[in-house]
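Summary of structural features
The chain contents come next:
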Amino acid sequence: MTQDEMKRAVAQAAIDYVVPKLKSDDVIGIGTGSTANCFIDALAEHKSKFHSAVASSEASAERLRSHGIEVVDLNATGGLEFYIDGADEFDPHLNLIKGGGAALTREKIVAGASKEFICIVDQSKQVQILGAFPLPIEVIPMARSYVARELAKLGVEPEYRQGVITDNGNIILDVHNMDILDPKRVEDQINNIPGVVTVGLFALRGADVLMMSTPDGVEVMMAD
């Protein structure tokens with residue numbers, strides 16, 4: 001089974017998990033990235049079973065609309081039943097690194113507004129300790145150098161992601177080769193640096209359910 005086939009398989013598993021629980025007035029959150037795109041494509045044939053969606057990026061909103069799925073502003077909803085999204089890494093406690101696609105802030109907002117966060121990944125995203133994937137940090141542009149200096153005090157070396165502007169008009173710093181032994185503490189520590197919008201650690205609000213596609217099928221893991 002190729003990686004693309006595994007992404008489609010786990011997206012279908014999420015469809016099978018979510019769709020039977022949907023009600024006609026439900027609003028659901030949809031993430032960003034290639035695996036989330038597979039979910040959007042599979043969701044299209046079930047669009048009559050829920051009201052609308054909140055997207056974590058302009059790209060996902062455009063893909064949803066292309067399938068005839070209504071996209072609404074989070075401010076117009078009373079909360080979301082489900083949030084379905086991928087991840088760049090996950091550990092045994094379902095802490096995540098997200099933000100490879102630079103949508104981490106909106107992803108974190110939508111995850112926080114959702115009753116149940118379902119993360120869909122292929123097995124290449126599984127690690128014992130987070131940090132092999134560069135940790136993205138969304139930063140207000142004027143604070144780029146200051147935040148980089150503050151991060152250096154923590155013993156890490158951030159790298160400016162050239163040519164990338166987030167949907168919020170900000171920039172991304174990526175921290176490479178950082179062993180994240182205490183994800184919640186690191187998330188708090190970095191978020192408290194002035195100028196940081198958010199860090200791509202999803203530990204304070206991690207996944208409730210994680211579905212991982214393997215060549216042998218889809219494994220389902222639940223949060224501790």
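As shown above, the structure is provided for reference.
Since the structure is predicted, the reported quantities are computational estimates derived from the model, not experimental observations. (Residues numbered from 1 in each chain as written. Predicted model: local features only at pLDDT ≥ 70, side-chain atom pairs only at ≥ 80, totals over all residues. Heavy atoms only, no water.)

Looking now at unusual backbone geometry. Backbone geometry at A102 places phi at a positive 70°, although glycine is not the residue there. Positionally, A102 belongs in the loop between β5 (96-97) and α4 (104-112). Of note in this structure, N177 is not a glycine but carries a positive phi near 55°. Structurally, the position occupied by N177 is in the loop between β9 (171-175) and α6 (183-191). Judged by its relative accessible area of 71%, N177 falls in the exposed class. (Helix = DSSP H or I, 4+ residues; strand = E, 2+ residues; numbered from the N terminus. Buried < 20%, exposed > 50% of the residue type's maximum accessible area, 1.4 Å probe, protein only.)

On inspection of all chains with the given rule, the structure shows 2 aromatic pairs. Residues Y83 and F117 carry aromatic rings whose centres are separated by 5.0 Å and whose planes lie at 40° to one another, so their mutual orientation is tilted. Of this pair, Y83 sits in strand β3 (residues 80-85) while F117 sits in strand β6 (residues 114-122); the two residues are 34 residues apart in sequence, bridging distant segments of the chain. When its relative accessible area of 0% is taken as the criterion, Y83 is described as buried. Positioned above the aromatic ring of F202 is the side chain of K98, whose terminal nitrogen or guanidinium carbon lies 5.6 Å from the ring centre. Above the plane of the ring of F202 lies K108, whose end atom (NZ or CZ) is 5.1 Å from the centre. (Phe/Tyr/Trp six-rings, centres within 6.5 Å; stacked < 30°, edge-to-face > 60°. Lys NZ or Arg CZ within 6 Å of the ring centre and 35° of its normal.)

A few words on the pattern of salt bridges. Counted according to the given criterion, the structure contains 11 salt bridges. Between E58 and R106 there is a salt bridge, and its shortest N-O distance comes to 3.1 Å. Of this pair, E58 sits in helix α3 (residues 58-66) while R106 sits in helix α4, and the two are 48 residues apart along the sequence. The partner of E81 in a salt bridge is K115, with the nearest N and O atoms 2.9 Å apart. In this pair, E81 sits in strand β3 while K115 sits in strand β6, placing the two residues 34 residues apart along the sequence. Judged by its relative accessible area of 62%, K115 is exposed. Each of D85, K98 and E107 takes part in a single network of salt bridges with overlapping partners. (Salt bridge = Lys/Arg side-chain N within 4 Å of Asp/Glu carboxyl O.)

Attention now moves to the sheet that holds strand β2 (residues 52-55). Hydrogen bonds along the backbone pair up the strands of a sheet, which may run parallel or antiparallel. Taken together, 6 strands build an open sheet; the order of strands is β2-β1-β3-β6-β12-β13 and the sheet is mixed. The open sheet has two edge strands, β2 and β13 (217-222), and neither has a second partner. On average, each strand axis in the sheet is inclined to that of its neighbour by 20°, with strand direction left out of account. Relative to β13, strand β12 (residues 209-214) runs antiparallel, the two being bridged by 6 bridges. Along β13, the bridge assignment pairs M211 with V220. (Pairing = 2+ DSSP bridges. Axes fitted to C-alpha atoms, helices over the stretch in contact; angles between N-to-C directions.)

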